[in-house]
Protein chains: 2
Amino acid sequence: MTTMSAGSPGGAPRARPTMRQVAALAGVGTKTVSRVINGEPNVSSAMIAKVKQAADSLDYQPDLHAGNLRRADGRTKTLGLLVGSVANPFYGTLHRAVEEAASARGIAVFASSLDDDPDREQGLVSAFLQRRVDGLILTTVTKSQAYLAPELRRGTPLVFIDREPAGIEADAVVSDNAAGSALATRHLLEHGHRRIAYLGDLDSIQTARERRRGFLEELGRAGVATRDIPVVVDLHDEVAANRAVLALLDSTDPPTALFTSQNLVTIGAITALRARALQNRVALVGFDDISLADLLTPGITVIAQNPQRIGELAAERLLARLDGDRTPTHSYVVPTELIARGSGEIGPHA
Amino acid sequence: MTTMSAGSPGGAPRARPTMRQVAALAGVGTKTVSRVINGEPNVSSAMIAKVKQAADSLDYQPDLHAGNLRRADGRTKTLGLLVGSVANPFYGTLHRAVEEAASARGIAVFASSLDDDPDREQGLVSAFLQRRVDGLILTTVTKSQAYLAPELRRGTPLVFIDREPAGIEADAVVSDNAAGSALATRHLLEHGHRRIAYLGDLDSIQTARERRRGFLEELGRAGVATRDIPVVVDLHDEVAANRAVLALLDSTDPPTALFTSQNLVTIGAITALRARALQNRVALVGFDDISLADLLTPGITVIAQNPQRIGELAAERLLARLDGDRTPTHSYVVPTELIARGSGEIGPHA
DNA sequence: AATATCACTGACATCGTTGTCAGGGAGTTT
DNA sequence: AAACTCCCTGACAACGATGTCAGTGATATT
C-alpha cells in the first residue's frame, strides 16, 4: 500500500522542508545550514558538501521572509511597480526596463494596474507596504500623495513616473510633455499650418494639461492667435476622439492640421480622417508612438516617448536611494522625439 | 532646533512601528491589537476605537510576512507569473486578466520575463518559491519541467500557459494552435490558393511546431501535395522573415499566398510584399493579431488568439486549486478566431 | 446564593530564519 | 608545556506577528 492523501497527483504532499529538517538530516546545527545556504565563510568543505547534499535531497528552498524578519538590513529584495495598466504597451516596456535593473540585483517586482482609480491606488500601495517592498515606483492618480509622507520618512524610496508627485517631495521621472507638444506644434507651423486643432485627453490628467500648455504656448510664440484655435479636451477613448474629429472636419472652417495628444485619440483621428477621405489632405501629428505607424498610408508622424528610458532611470534612482544616496530629490525629464512619417508633413490645402 | 538626521527630507526617519508599539500606545496587549487589525470578533467597541486610533496615529501597517509565518494556512496572498516578456502586448493583456482575478481576492502578482532563457526560468521560479508564492502561472522554455515536481507535490498549484508542461502533470491553458493554423489554411484554400507558403518561428518552440502541423495536416486533408509547398522555419524576427519572403517572391514559382505563424514574421512579410508592390496580389494570413491591422491597406487577415481569456482561465484554475479543487489536471484549450480584413481574401493571380 | 455561561483580554509559545556568543580543537608561539 | 591564536560549530534569543489557553468580570441560570 502506498500512502493515501488528498494531495496532488503523484503522491503524498510532503511538507515543505525547513532549515531544521535539513540540519537534522545532515546531522548538524541549523546555524551551520544557514551559513552554507548563505555562503558565509568559515565552514569546512566537508560540512558544506554534507549540508548541500541534505538540502538538495529534500529540495529545500529557504524562506526569504522568515530570514528577513531576523536579518539586519530588513530588505525583502522586492519592489512595487504601480502603473496605469500592465496591458498598456507603454507601461509594458517601462515595466520590462525596471525588471531588468531589478533582477540584476535579485530583486523581484510586484506590478499592479491602477486604472485611473484613486481608491485602487491607495489600496495597492497599502498592499505593497504590507509586503514590505524595499521601494516603490509609481504612477499616481490621487490629487495628493501626502499620504505617502510617513512611509517616505521611514526611508522607503519612492520614485514617481509619468506624473510628478503632489503634496510630497520625491524623485520623479517624466517625459517632457510640454516640450514635446511644442515640438509637434512647431513642426506643423513650419509646414505652413495656421489652423491647427488640438485634441486632448481628460483635463484632470496632469500630463494632458502639460501637453495642451505646450501646444498653446508654441502657438503664442509663433504669434498665432489662439482665440479661434479649436481645442477639444476630455477625449479618453477612440470613439470619442473619432466623433470629435468628424465634427471638426464637417464644420464650416475645418482645421488644416490636427495635433492629438494621446495614443487612442490619434487612432480615433486616423479613422475619422479616412472616413472623410482626408488622410492625405489634413496633417496629423500624434503624441505617443503607435505600433506599425510606419506601415500606414500615410505613415503617422508622432512625438515618441521613451518608456524604456523612463523605466531604466526610475529603477536606477530607486536602487541608488536604496544604496544610501541622500542627494536632494529631483525630477528627471526624459526627452521626447519627433518621428516624421508622412502625416505630419502634409501642407495646408486651401 | 529640529531633529537632525541623515534621513530623507522632511524630518527624522521614524522607525516602522510594530504591533507591540501600537499595543503600548493603546495600553493593551499585542493580541488585542492583532484582533482589531484582523477584524476578529469579541472585542469591545471601546477597545476597537482605542486601538484603531493608536494604529492610525503611528501609521501602522501590519507585516504580512511576519503574520504568515505563524498563521495557520501559511498563505502569502501572492502569486508568481512567468511570461515571455512583460513588454509583449500579448502577455501584457494576459497579465492584466490574471491581476484582475487575483486582486479581487487581495492577491498580489509578481511578474517576470524569461526571454527564452531556460536558466532564467529556473532562477525566477526559485526566486518566486523563496518568496513563498501561493501558486505559479507560467510559460516555460526548459525542455522538461520535472524540476517542479517536488513543489507540485507540496501542494503549490501550477498552471502552465501558452505551452503545455513536459515531464510533469499539471493544469495548462493554451491556444488551439493546430486548429487555428488549419483554419487559416482552409481559408486560403477556399479562396482558391494551392501554392501557399508557410513561414514559421523557431522550430524548437512547441507552439511553432503545432502551428506548422496544423497547416500541413489541413493541406493533406484537402489533398494538396505538400512536397512542393515552401515551408520556411526558424524565423524569429522581422528581418529574417522579410528576407525569407523576398526570396520566395523572387523565386521562379512564387507562392500565391502566405501563412505566417507569428506576429513579427507577419510584419516582416508585409514589408516584403510592399517592397515588391504585391500586397494586393499575394494573399496573407498571419497567426496572432496585430494592432492597427485593420487600418493597413489591405487590412491584415489574422488568426487571433485570446490572451485575456487565457489569463482569466489560468487564474480561475489556480484559485480553484487554492480553494481545494482536487479534480484531475486538465489542459484547457482556448479557441482562436479568424478575423478577415482583406489580405486573406485575395484570390490567386496567375 | 451558588454556579454556569459568555464576552472580553493578555501571557506565552511558536512560525523559519539569522545575529550573537561561547566553546572545542588544531596549530603556533614563547 | 603553557598560552595564544584561529577556524569551526552549535545553543540560544530574537525578528513581528498569530494560535492557544487561561483568567477576569458581568450576566444568566438553577
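These figures come from a predicted structure and were not determined experimentally. (Residues numbered from 1 in each chain as written. Chains lettered and ligands numbered in written order. Predicted model: local features only at pLDDT ≥ 70, side-chain atom pairs only at ≥ 80, totals over all residues. Heavy atoms only, no water.)

Examining the domain arrangement of chain A
Step number 1: Assigned domains of chain A: these are domain 1 (19-62), domain 2 (78-174 + 307-333) and domain 3 (177-306 + 338-345).
Step number 2: A straight line from the C-alpha centre of domain 1 of chain A to that of domain 2 of chain A covers 37 Å. (Domains from an automatic or database assignment.)

Section: the packing of aromatic side chains
Step number 1: Throughout the structure, instances matching the rule amount to eleven aromatic pairs over all chains.
Step number 2: Taking the centre distance of 5.3 Å and the plane angle of 85 degrees together, the rings of B:F90 and B:Y91 count as edge-to-face. Neither residue differs from the other here; B:F90 and B:Y91 are each classed as buried.
Step number 3: On the basis of an interplanar angle of 35 degrees and a centroid distance of 5.1 Å, the ring pair of B:Y198 and B:F215 is categorised as tilted. Here the residue B:Y198 occupies a position in strand 6 (residues 196-199), and B:F215 occupies one in helix 9 (residues 206-221), the gap between them amounting to 17 residues. In this pair, the class of B:Y198 matches that of B:F215, namely buried.
Step number 4: Here a set of aromatic residues connected by ring pairs shows up, and it is made of A:F110, A:F128, B:F110 and B:F128. (Phe/Tyr/Trp six-rings, centres within 6.5 Å; stacked < 30°, edge-to-face > 60°. Buried < 20%, exposed > 50% of the residue type's maximum accessible area, 1.4 Å probe, protein only. Helix = DSSP H or I, 4+ residues; strand = E, 2+ residues; numbered from the N terminus.)

With respect to the pattern of salt bridges
Step number 1: Overall, the coordinates contain 48 salt bridges over all chains when judged by the stated rule.
Step number 2: Residue A:E100 pairs with A:R96 through a salt bridge whose shortest N-O separation is 2.3 Å. Taken together, the residues A:E100 and A:R96, both in helix 5 (residues 89-103) and four residues apart, mark about one turn of the helix.
Step number 3: Residue classification places A:R96 among the buried residues on the basis of a relative accessible area of 13%.
Step number 4: Of the charged contacts, one joins A:R132 and B:D63 as a salt bridge, the two residues approaching to 3.7 Å between their closest N and O atoms. Separated into two different chains, A:R132 in the loop between helix 6 (118-130) and strand 3 (135-138) and B:D63 in the loop between helix 3 (45-58) and helix 4 (64-70) make up a pair that spans both.
Step number 5: Three or more residues joined by partner-sharing salt bridges are found here, namely A:R96, A:E99, A:E100, B:D115 and B:R120. (Salt bridge = Lys/Arg side-chain N within 4 Å of Asp/Glu carboxyl O.)

Points about the protein's contact with DNA strand D
Step number 1: In the vicinity of DNA strand D lie 26 residues, with A:T32, A:R35, A:R70, B:M19 and B:S34 positioned nearest.
Step number 2: Per the 4 Å cut-off to the protein, sugar and phosphate atoms form 63% of the nearby atoms of DNA strand D.
Step number 3: In the model, a phosphate oxygen of DNA strand D is placed 3.2 Å from a nitrogen or oxygen of the A:G29 main chain.
Step number 4: Mapped onto the surface near DNA strand D, the elements with two or more residues apiece are helix 2 (30-37) and helix 4 (64-70) of chain A together with helix 1 (19-26), helix 2 (30-37) and helix 4 of chain B.
Step number 5: Examining the composition of the surface near DNA strand D, we find that four residues originate from one element, helix 4 of chain B, more than from any other. (Near = heavy atom within 4 Å. Polar contact = N/O pair within 3.5 Å; in protein donor to acceptor, adjacent residues only side chain to side chain.)

Description of the sheet that holds strand 12 (residues 337-339) of chain A
All names here are of chain A.
Step number 1: Strand order in the open sheet made by the six strands is 7-6-8-9-10-12, with mixed pairing throughout. Looking along the sheet, the strands with just one partner apiece sit at the ends: strand 7 (231-232) and strand 12.
Step number 2: The sheet strands contacting helix 10 (residues 238-249) are strand 6 (196-199), strand 7 and strand 8 (257-260), and the helix crosses strand 6 at an angle near 160 degrees.
Step number 3: Helix 11 (residues 263-275) rests against strand 6, strand 8 and strand 9 (283-287) of the sheet, and its axis sits at about 160 degrees to strand 9. (Pairing = 2+ DSSP bridges. Contact = heavy atoms within 4.5 Å. Axes fitted to C-alpha atoms, helices over the stretch in contact; angles between N-to-C directions.)

Thoughts on helix 11 (residues 263-275) of chain B
Residue and element names in this part refer to chain B.
Step number 1: For helix 11, which comprises 13 residues, the first-to-last C-alpha distance of 19 Å matches the rise-based estimate of 18 Å (1.5 Å per residue) to within 8%.
Step number 2: Of the positions making up helix 11, those classed as buried are V265, T266, I267, G268, A269, I270, A272 and L273.
Step number 3: Each element contacted by the buried residues of helix 11 is listed here: strand 6, helix 10 (238-249), strand 8 (257-260) and strand 9 (283-287).
Step number 4: Put simply, Q262 is the residue that caps the front of helix 11, since its side-chain oxygen is 2.5 Å from the backbone nitrogen of L264.
Step number 5: Immediately downstream of helix 11, the backbone of A277 shows phi near 55 degrees, a positive value. (Expected span 1.5 Å × (residues − 1).)

Section: the interface of chain A and chain B
Step number 1: In this complex, chain A contributes 68 residues to the contact, which on the side of chain B involves 68 residues.
Step number 2: Applying the counting rule to chain A against chain B returns twelve salt bridges.
Step number 3: Between A:D59 and B:R154 there is a salt bridge; the shortest N-O distance is 3.2 Å.
Step number 4: Run the count over chain A and chain B and you get 37 residue pairs in polar contact (both at pLDDT 80 or more).

Section: the sheet that holds strand 7 (residues 231-232) of chain B
Residues and elements named next belong to chain B.
Step number 1: Spatial ordering of the open sheet is given by 7-6-8-9-10-12, a layout of six strands whose pairing is mixed. A single partner strand is all that each edge strand has here, and the edge strands are strand 7 and strand 12 (337-339).
Step number 2: One ladder, built from four bridges, connects strand 6 with strand 8; its direction is parallel. Within strand 8, the position partnered with Y198 by the bridge is F259.

Let's talk about the packing of helix 2 of chain B against helix 3 of chain B
Residue and element names in this part refer to chain B.
Step number 1: Interaxial distance between helix 2 and helix 3 falls to 10 Å at its minimum, and their mutual angle equals 90 degrees. Classified by the angle between their axes, helix 2 and helix 3 sit roughly perpendicular to one another. Of the residues in helix 3, those touching helix 2 at T32, V33 and V36 are M47, I48, V51 and K52.
Step number 2: In terms of residue class, the contact of helix 2 with helix 3 is made up of five nonpolar, one polar and one charged. (Parallel < 35°, antiparallel > 145°, perpendicular 65-115°, else oblique. Nonpolar A, V, L, I, M, F, W, Y, C, P; charged D, E, K, R; others polar.)

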